[in-house]
Amino acid sequence: MRGNADMREMNVAVMVSGGGTNLQALLDAAADGRLQHARIALVLSSQEDAYAIERSRRAGVPVIVVSKQTHPDDEERADAILAALAGAETDLVVTAGYMSILAKNVCSHYAGRMINIHPSLLPKYGGVGFYGLRVHEAVLAAGEKETGATVHYVDDQGVDSGAIILQGRSPILEGDTPETLQKRILAEVEHPLIVEGTNLVIQKLRDKDFS
């Protein structure tokens, strides 16, 4: 039994809303073996026109769209998300540029098995209203000397409120704008960090299964 468990790959579901560059980092890692003991089993999008869907299809990963258009009712939308994740036998959920706030029952169902990446050094510049370019605008407005990204657990207590798993740091450079900062943090910090964070949590889940 233990030998079979050692060989089992964890099923990872990635939740997206937009371009999906962090998803691409995970897809690339899965393809070249850097994503260990896991496979991308599902991509779940909150937008029907997200380019992340095209990335998923090119990689041969199943895609399900659960949006406010397909499921206008909040409770029904949460139920559809849970059904999609269950259908993929999801072990770990990674929200990567997912721009909708998840219902508490979705977060609690995957407590300890759902992670997010945020483009700041949490707890700074996190929470409601801090997303996308707004984060980098706030970092520069505050005169910070460094910034980065954070991989953290998703909980049902708030936005960006879950326990921190790991962080990556980068200095603020002279002449940085919100746009240049966003681009650099995404490419140099977020992409490697989301793979590292996913691997860390996968290993923790595997260790728990084997204990």
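It should be noted that the structure appears before, not after, this text.
Scoring rules and cut-offs
Residues numbered from 1 in each chain as written. Predicted model: local features only at pLDDT ≥ 70, side-chain atom pairs only at ≥ 80, totals over all residues. Heavy atoms only, no water. Helix = DSSP H or I, 4+ residues; strand = E, 2+ residues; numbered from the N terminus. Rg over C-alpha atoms; globule rule 2.2 N^0.38 Å. Buried < 20%, exposed > 50% of the residue type's maximum accessible area, 1.4 Å probe, protein only. Arc of directions from axis to C-beta. Phe/Tyr/Trp six-rings, centres within 6.5 Å; stacked < 30°, edge-to-face > 60°. Contact = heavy atoms within 4.5 Å. Axes fitted to C-alpha atoms, helices over the stretch in contact; angles between N-to-C directions. Parallel < 35°, antiparallel > 145°, perpendicular 65-115°, else oblique. Left-handed = near helix turned anticlockwise from the far one by under 90°. Nonpolar A, V, L, I, M, F, W, Y, C, P; charged D, E, K, R; others polar. Pairing = 2+ DSSP bridges.

Undergrad: Explain the overall build of the protein residue by residue, including any values.
TA: Of the regular secondary structure elements, the protein holds seven helices and seven strands. Helices (α) and strands (β) of the protein occur, in sequence order from the N terminus, as α-β-α-β-α-β-α-β-α-β-α-β-β-α. For the protein, whose C-alpha radius of gyration is 17 Å, the value lies close to the compact-globule estimate of 17 Å for 211 residues. Projected onto its principal axes, the C-alpha coordinates of the protein cover approximately 55 × 40 × 35 Å. Residue burial in the protein is summarised as follows: out of 211 residues, 47% are buried.

Undergrad: Break down helix H6 (residues 133–141) for me, citing the residues and quoting the values.
TA: Of all the residues in H6, the buried ones are Val 135, His 136, Ala 138 and Val 139. Taken end-on, H6 shows its buried residues confined to a sector of 160 degrees, consistent with a single buried face.

Undergrad: Tell me what's going on with the packing of aromatic side chains, and back it up with residues and numbers.
TA: For the coordinates displayed, the defined rule picks out one aromatic pair. When the ring of Tyr 125 is compared with that of Phe 130, the centres are 6.1 Å apart and the planes differ by 75 degrees; the resulting orientation is edge-to-face. Under the relative-accessibility criterion, Phe 130 is labelled partly exposed at 29%.

Undergrad: Please set out the environment of Ala 78 residue by residue, giving values where relevant.
TA: Structurally, the position occupied by Ala 78 is in helix H4 (residues 74–87). Residues Ala 78 and Ala 163, spaced 85 residues apart in sequence, show a C-alpha to C-alpha distance of 23 Å. Non-local contacts of Ala 78, meaning those with residues more than four positions away in its chain, are made with Ala 103, Asn 105 and Val 106.

Undergrad: Talk me through the packing of helix H2 (residues 21–32) against helix H3 (residues 51–58); I want residue IDs and the actual numbers.
TA: In contact at an axis separation of 9 Å, H2 and H3 are set at 10 degrees when each is read in the N-to-C sense. Judged by the inter-axis angle, H2 sits roughly parallel to H3. The way H2 lies across H3 gives a crossing that is right-handed. Here Thr 21, Leu 23, Gln 24 and Leu 27 of H2 come into contact with H3, specifically with Ala 52, Arg 55 and Ser 56. In terms of residue class, the contact of H2 with H3 is made up of three nonpolar, three polar and one charged.

Undergrad: Hey, could you go over the sheet that holds strand E6 (residues 146–153) for me, with residue numbers and the actual values?
TA: Strands sit in the order E3-E2-E1-E4-E5-E6-E7 across an open sheet of seven strands; the sheet is mixed. On the outer flanks of this sheet lie strand E3 (63–65) and strand E7 (164–171), each paired with one strand and no other. If you compare each strand with its neighbour and ignore which way they point, the axes differ by 20 degrees on average. Here three bridges tie strand E2 (residues 38–45) to E3, and the two strands are oriented parallel to one another. Looking across to E3, one finds that Val 43 is bridged to Val 63. Sheet strands touched by H4: strand E1 (10–16), E2, E3 and strand E4 (92–95). Its angle to E2, the strand with the most contacts, is close to 155 degrees.

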